[in-house]
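Results of the structural survey
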Amino acid sequence: MKILVVGGAGYIGSICAELLLDEGHEVVIFDNLTEGHRRAVDARAAFIEGDLANRQKIEAAFSKTRPDAVMHFAASALVGESMRDPSKYFRNNIANGLNLLDALVATGVPRIIFSSTCAIFGPPERLPIDETLPPSPINPYGESKLAFEKILRWYDQIHGLKVVSLRYFNAAGASAKFGEDHRPETHLIPNVLKVALGQKRHVELFGTDYETPDGTCIRDYIHIVDLARAHILALKSTKSEFYNLGTGGGSSVREVIAACREITGRKIDIVEKPRRPGDPPRLIASSEKIKRELGWRSKFQSLGAIIESAWKWHEKFPDGYAD
Ligand code: UDP
């Protein structure tokens, strides 16, 4: 198939593009390079530099490439930032996303795989979080993704656009080629590994008084390659569906730091800080639906395997994608 990967120079998009190319698909990457990196564009892919704020540019890209499907990763994705600047989240993730959808409809692209998030749920009534739980986000990031999911349901009903939405829990790890390099980096695992590399003096631990066994937040870390494989399976889906995607296991912030110490063998100092606004205490996925319906399985179930892959990448590319 020919796939247009919007946001394909970013962390998740670059690795999905890599796997699509490995499987023999044709890939065109559309990215404005604000969060993404030119060096994260797979050499086998075609590249169009463009911004979703520019409707003409997107429509021109679709008319030129005529993809069979679009994977949409281009979004602002930081909980903390969304609590300070909600407008950025509603503008980028909803308004600019609408430009993309309208261009899809105008040019007759029949399907979209959408990068959604567990942040649509907020603190859940029960765990693990399955698709029957009512969404109720507690930060503008989750709200923007939930709003877009609702828009996608209407575009399916009215325009027949087929959508598979994947609500990622905590994407982590790396492939041999591509990894995580956000500027600034706010995510836990890369930040801990930067301390191991000696690039940061300590890791800040946000919140030690949560109602969890060790007082720190619990997240379901899913290996980026497992996550990318779910996108490829989603291409085969003929109906519109919304799936949660995680491993079903949870690790606390302290457990992640301990695992990083063990894998890297390096000293990692912690400075305890207050809670970060917008962080739910525990998020753990049920991925039963995607297992049942698309046959997805997690190959890298353990936190250790995830951190090892991330550590290999960070050791090989200590400056990430910097020149
Ligand atoms: N976290 C932390 N220190 C950091 C980065 C993150 O203590 O430098 C915590 C954060 O508060 C959350 C968990 O680690 O409880 C995972 O955060 P991350 O930003 O990696 O992912 P999120 O769950 O926000 O998508």
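Check the entry above for the structure.
Treat the numbers as computed from the prediction; the structure is a model and nothing was measured.

1. Considerations on the packing of aromatic side chains
For the structure on display, the rule yields four aromatic pairs. Ring centres of Tyr89 and Tyr141 lie 6.2 Å apart, and the angle between their planes is 80°; this geometry places the pair in the edge-to-face category. Here Tyr89, found in helix 4 (residues 86-107), pairs with Tyr141, found in helix 5 (residues 140-159); they are 52 residues apart in sequence, far enough to count as distant. Taken as a pair, Tyr89 and Tyr141 share a single burial class, namely buried. An angle of 55° between the planes, with centres 5.3 Å apart, marks the rings of Trp313 and Tyr321 as tilted. Each member of the pair, Trp313 together with Tyr321, is buried. Chaining the aromatic ring pairs together yields one cluster made of Trp313, Phe317 and Tyr321. Here Arg275 stacks its cationic end above the ring of Tyr210, 4.0 Å away from the centre of that ring.

2. Details of the sheet that holds strand 9 (residues 218-219)
On the basis of which strands lie adjacent, the open sheet formed by three strands has the order 12-9-14 and mixed pairing. Looking at the sheet topology across the chains shown, the edges are occupied by strand 12 (251-252) and strand 14 (282-283). With two bridges joining them, strand 9 and strand 12 adopt antiparallel strand pairing. Along strand 12, the bridge assignment pairs Ile218 with Ser252.

3. Topic: the environment of Pro128
Within the secondary structure, Pro128 sits in the loop between strand 5 (111-117) and helix 5. Excluding anything up to four places from it in sequence, Pro128 contacts Leu133, Ile284, Ala285 and Ser286.

4. Quick look at the site of the ligand
Inspection of the region around the ligand gives 14 residues, with Leu188, Glu204, Arg219, Arg276 and Asp279 positioned closest. Leu188 is positioned with one of its backbone polar atoms (N or O) 2.8 Å from an oxygen atom of the ligand. In this structure, Arg276 approaches the ligand through a side-chain N or O atom, which is 2.7 Å from an oxygen atom. Burial of the ligand by the protein amounts to 90% of the accessible area it has alone, namely 510 Å². Among the secondary structure elements, those contributing two or more residues to the shell around the ligand are helix 6 (188-196) and strand 8 (203-206). Sort the elements by how many residues they give to the shell around the ligand and strand 8 lands first, with three residues.

5. Thoughts on the sheet that holds strand 11 (residues 241-245)
Here we have seven strands laid out as an open sheet, ordered 3-2-1-4-5-6-11, and parallel in their pairing. Because the sheet does not close on itself, it has two edges, and the strands there are strand 3 (46-49) and strand 11. Mean inter-strand twist for the sheet, computed between neighbouring axes without regard to direction, equals 20°. When strand 2 (residues 26-31) meets strand 3, the two strands line up parallel, connected through four bridges. What sits directly across from Phe30, in strand 3, is Ile48. With respect to the sheet, helix 1 (residues 11-22) is in contact with strand 1 (2-6), strand 2, strand 4 (69-72) and strand 6 (162-168), its orientation differing from that of strand 2 by roughly 165°.

6. So, the side chain of Ser144
On the secondary structure map, Ser144 appears in helix 5. A polar contact of 3.1 Å, which involves the side chain of Ser144, links it to the side chain of Asn93. Non-local contacts of Ser144, meaning those with residues more than four positions away in its chain, are made with Tyr89, Phe90, Asn93 and Ile94.

7. Details of the pairing of strand 6
A large share of strand 6 lies buried, amounting to six of its seven residues. By the bridge criterion, seven bridges tie strand 5 to strand 6 in an arrangement that is parallel. Pairing of Ile112 across the sheet is with Val163, part of strand 6. Relative to strand 11, strand 6 runs parallel, the two being bridged by five bridges. Bridge pairing links Leu166 to Tyr243 in strand 11.

Reading the values: the criteria
- Residues numbered from 1 in each chain as written.
- Predicted model: local features only at pLDDT ≥ 70, side-chain atom pairs only at ≥ 80, totals over all residues.
- Heavy atoms only, no water.
- Phe/Tyr/Trp six-rings, centres within 6.5 Å; stacked < 30°, edge-to-face > 60°.
- Helix = DSSP H or I, 4+ residues; strand = E, 2+ residues; numbered from the N terminus.
- Buried < 20%, exposed > 50% of the residue type's maximum accessible area, 1.4 Å probe, protein only.
- Lys NZ or Arg CZ within 6 Å of the ring centre and 35° of its normal.
- Pairing = 2+ DSSP bridges.
- Contact = heavy atoms within 4.5 Å.
- Near = heavy atom within 4 Å.
- Polar contact = N/O pair within 3.5 Å; in protein donor to acceptor, adjacent residues only side chain to side chain.
- Areas by Shrake-Rupley, 256 points an atom, 1.4 Å probe, with all protein chains shown as cover.
- Axes fitted to C-alpha atoms, helices over the stretch in contact; angles between N-to-C directions.

Any link to function would need more than the numbers given here.
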